[in-house]
Amino acid sequence: MKKSLIIGAGILVVLGLGAMGGNKDHGQSHPKEESSKKVSSSSIQTVVKKSNITVSNFDKIVLGSNGTSKSDVEKMFDKQPASTSQSQLNETSVELCTWHGVEGQGVTSFVTVQYQNGRAVGKSISGLKNPSKVSLNQYNNIPGNESETALIKLLGNPEGKSYANIGGVQSTTLTYKGNGGIGSNAVVTITNGNVVSKSQIDLK
């Protein structure tokens, strides 16, 4: 979660010129005193640059063997990832990059993008603002053939979303806050338009 803060200080100084000469009239202000009276107070202007790490840009990332390249993702976000991890599996290089602070979302929000051979095959976003809280009754009544759109219409906005497209298999995982105690949640995974798994912790 990071914002660039540019602070500019604009200082307007107006100098008053006192009368010069040998006049020693006590009613005349000293030039230095007159000048100090006319100095305006400093004004400090704060300019906040909006982050390019947004839900909109996250949605633009294409997944798959011809998915968005790593360089294009970094250009889109206009920022290097906060953390990275790499691994090698046979001839496939795998990299996971994380950015913190999604514009307009929660303070703990972040985005991760997974690459295979430099192309995005997975992405996730977490800490979304104003998530819905799921009850046990809602969880138990999740149909088996729900699309992402239908599931969100049924349960409300998730706290996090994760997508993958590996080997032509597309999957979506939605994470919800639960209505129970701390850590209560529900997780639903959809593959090719069908709910293939779901799990919950402490729903009521």
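Residues numbered from 1 in each chain as written. Predicted model: local features only at pLDDT ≥ 70, side-chain atom pairs only at ≥ 80, totals over all residues. Heavy atoms only, no water.

1. Some thoughts on the overall build of the chain
- When helices and strands are tallied, the chain shows five helices and eleven strands.
- Counting all 204 residues of the chain, 31% fall into the buried class.
- Considering only intrachain contacts with a sequence separation of at least 6, the fraction spanning at least 24 residues in the chain is 51%. (Helix = DSSP H or I, 4+ residues; strand = E, 2+ residues; numbered from the N terminus. Buried < 20%, exposed > 50% of the residue type's maximum accessible area, 1.4 Å probe, protein only. Contact = heavy atoms within 4.5 Å.)

2. Re the pattern of salt bridges
- Enumeration according to the criterion identifies three salt bridges in this entry.
- Lys70 is the partner of Glu95 in a salt bridge, and the nearest nitrogen-oxygen pair spans 3.0 Å. In this pair, Glu95 is assigned in strand E4 (residues 92–100) and Lys70 in helix H3 (residues 70–77), connecting sequence segments 25 residues apart.
- A relative accessible area of 14% means that Glu95 is categorised as buried. (Salt bridge = Lys/Arg side-chain N within 4 Å of Asp/Glu carboxyl O.)

3. Describing the environment of Pro131
- With respect to the secondary-structure elements, Pro131 resides in the loop between strand E6 (119–126) and strand E7 (133–134).
- For Pro131 and Tyr176, which are 45 residues apart along the polypeptide, the C-alpha to C-alpha distance reads 7.1 Å.
- Beyond its immediate sequence surroundings of up to four residues, Pro131 is in contact with Asn157, Pro158, Glu159 and Lys177.

4. A short note on the packing of aromatic side chains
- Within the structure shown, the criterion is met by two aromatic pairs.
- When the centroid spacing of 6.2 Å and the interplanar angle of 45° are considered together, the rings of Phe58 and Tyr163 count as tilted. Within this pair, whereas Phe58 is found in helix H2 (residues 55–60), its partner Tyr163 is found in strand E8 (residues 160–166), the two being separated by 105 residues in sequence. Like Phe58, the residue Tyr163 is buried in the burial classification. (Phe/Tyr/Trp six-rings, centres within 6.5 Å; stacked < 30°, edge-to-face > 60°.)

5. Describing H3
- Among the residues of H3, Val73, Glu74 and Phe77 are the ones counted as buried. Across the axial projection of H3, the buried residues extend over an arc of 95°, all falling on one side.
- Buried residues belonging to H3 abut H2, E4 and strand E5 (110–116).
- Asp78 sits one or two positions beyond H3 and adopts a positive phi of about 55°. (Arc of directions from axis to C-beta.)

6. Focus: the nonpolar core
- Grouped together as the largest cluster of nonpolar side chains are 16 residues, with contacts concentrated most on Ile61, Val73, Phe77, Trp99, Val111, Val113 and Tyr115.
- Secondary-structure elements contributing two or more residues to this core are H3, E4, E5 and E6.
- If sequence neighbours within four positions are ignored, Val73 has contacts with Ile61, Thr68, Trp99, Val113 and Tyr115.
- Judged by nonpolar contacts, the second largest core, of twelve residues, contains Val134, Ile142, Val195 and Leu203. (Core = buried A, V, L, I, M, F, W, Y, C linked by side-chain atoms within 4.5 Å.)

7. Some remarks on the environment of Gly101
- Considering the arrangement of structural elements, one finds Gly101 in the loop between E4 and E5.
- The buried category is assigned to Gly101, whose relative accessible area is 7%.
- With 25 residues separating them in the primary sequence, Gly101 and Ser126 have C-alpha atoms 9.8 Å apart.

8. Here we look at the layout of surface pockets
- The space that makes up the largest pocket amounts to roughly 200 Å³.
- If you trace the largest pocket, you find 14 residues lining it, with Tyr163, Ala164, Gln170, Ser171 and Thr172 closest to the centre.
- Listing elements by their share of the lining of the largest pocket, those giving two or more residues are E8, strand E9 (169–178) and strand E10 (185–191).
- Grouping the constituent residues of the lining of the largest pocket by class yields four nonpolar, eight polar and two charged. (1 Å grid on protein atoms, 1.4 Å probe; cavity = no way out; pocket = protein on both sides within 12 Å on 5 of 7 lines; lining within 4 Å. Points joined across faces, edges and corners; volume = space filled by probe spheres on them. Nonpolar A, V, L, I, M, F, W, Y, C, P; charged D, E, K, R; others polar.)

9. Regarding the confidence of the model for the chain
- Put simply, the chain has an average pLDDT of 83, and 76% of its residues get 70 or more.
- Taking the mean pLDDT of every element in the chain, the minimum, 36, falls on strand E1 (residues 4–10) and the maximum, 98, on E6.
- Between residues 1–26, whose pLDDT stays under 50, and residues either more than four places distant or in other chains, the model counts 43 contacts. (pLDDT = per-residue confidence, 0-100.)

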